[in-house]
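# Descriptive structure summary
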Amino acid sequence: MAIVEGLGIGFAVVLAVLLIFFARRALVTRSGGIIRLSVRVSTMLDGRGWSPGFGRFCGEELRCYRMFSFALRPKRVLFRKTLVVERRRLPEAQERLSMPADWVILRCTSQHAPVEIAMARSTVTGFLSWLEAAPPGAASPRLASQDWPAA
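Reading guide: rules and limits
- Residues numbered from 1 in each chain as written.
- Predicted model: local features only at pLDDT ≥ 70, side-chain atom pairs only at ≥ 80, totals over all residues.
- Heavy atoms only, no water.
- Pairing = 2+ DSSP bridges.
- Helix = DSSP H or I, 4+ residues; strand = E, 2+ residues; numbered from the N terminus.
- Axes fitted to C-alpha atoms, helices over the stretch in contact; angles between N-to-C directions.
- Salt bridge = Lys/Arg side-chain N within 4 Å of Asp/Glu carboxyl O.
- Buried < 20%, exposed > 50% of the residue type's maximum accessible area, 1.4 Å probe, protein only.
- Phe/Tyr/Trp six-rings, centres within 6.5 Å; stacked < 30°, edge-to-face > 60°.
- Patch = residues over 30% accessible without salt bridge, like charges linked within 9 Å, V, L, I, M, F, W, Y side chains within 5 Å.
- Areas by Shrake-Rupley, 256 points an atom, 1.4 Å probe, with all protein chains shown as cover.
- Polar contact = N/O pair within 3.5 Å; in protein donor to acceptor, adjacent residues only side chain to side chain.

Spatially, E4-E3-E2-E1-E7-E6-E5 is the arrangement adopted by the seven strands of the open sheet, whose pairing is antiparallel. The open sheet has two edge strands with one neighbour each: strand E4 (76–79) and strand E5 (84–89). Going from strand to strand, the sheet's axes swing by 35° on average, the running direction of each strand aside. Two elements, strand E1 (residues 34–40) and strand E7 (residues 114–120), share two bridges in a ladder whose sense is antiparallel. Counted as the bridge partner of serine 38 is alanine 118 from E7.

Turning our eyes to something else, we now look at the pattern of salt bridges. Under the criterion given, the structure shown has eight salt bridges. The shortest N-O distance in the salt bridge between glutamate 86 and arginine 107 comes to 3.6 Å. Of this pair, glutamate 86 sits in strand E5 while arginine 107 sits in strand E6 (residues 103–109), and the two are 21 residues apart along the sequence. Of the charged contacts, one joins arginine 89 and glutamate 95 as a salt bridge, the two residues approaching to 2.8 Å between their closest N and O atoms. Grouping residues by exposure puts arginine 89 and glutamate 95 together as buried. Residues joined in a network through salt bridges with shared partners are Arg40, Arg89, Glu92, Glu95 and Glu116.

What follows covers the packing of aromatic side chains. Enumeration over the complete set of coordinates arrives at three aromatic pairs. With centroids separated by 5.6 Å and ring planes inclined at 20°, the aromatic side chains of phenylalanine 54 and tyrosine 65 adopt a geometry described as stacked. Remark: tyrosine 65 occurs in strand E3 (residues 61–66) and phenylalanine 54 occurs in strand E2 (residues 50–58); sequence separation between them is 11 residues. For phenylalanine 54, a relative accessible area of 6% gives the class buried. Take tyrosine 65: its relative accessible area is 6%, and that puts it in the buried class.

So, on to a nonpolar patch on the surface. A surface patch of nonpolar side chains, about 470 Å² in accessible area, is lined by Ile9, Val13, Val17, Ile20 and Phe70. Note on placement: valine 17 falls in helix H1 (residues 2–28). Look at valine 17 and you get partly exposed, because its relative accessible area is 38%.

Attention shifts here to the environment of alanine 71. Considering the arrangement of structural elements, one finds alanine 71 in the loop between E3 and E4. The spatial distance from the C-alpha of alanine 71 to the C-alpha of isoleucine 20 is 9.8 Å, given a sequence separation of 51 residues.

With respect to the element layout, arginine 80 can be found in the loop between E4 and E5. Among the polar contacts made by the side chain of arginine 80, one reaches the main-chain carbonyl oxygen of tryptophan 130 at a distance of 2.6 Å.

Moving on: the pairing of E3. In this structure, E2 lies alongside E3, joined through six bridges in antiparallel fashion. Each residue of the ladder has a partner; that of glycine 53, found in E3, is arginine 66. Count of turn residues in the E2/E3 antiparallel hairpin: two residues, of which glycine 59 carries a positive phi of about 65°.

Structure follows, in structure tokens:
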């Protein structure tokens, strides 16, 4: 009888964890503006330190959530006013193994520190449009350089 109770409790715990995981995802993704991305969280080793996840556009913010996390809060919040794209490059060496082939890496500076974001080539256009958005007649200084290499 103790074995059956143990299995029942184990099953209930696994079910509760899965329920929390999917409830979190439903809460975060409930209102559109979601993109797949990876954020580099560590630069200690070349080509490593990428955390897969998704980003959610909320007004002036890009909220970055880790894909495999139970947290309801974003891991990182990037503000449009302080975010500047420095350069754009293709994945190199080991990075090619950790992300899809058609992804592009954007090196940006934020109010606190540099940040690298990887996303699909087709998503970069929308991201840059969001970043450059400004009121009519106002110039947007969000892009540091317009002479990027063709990616």
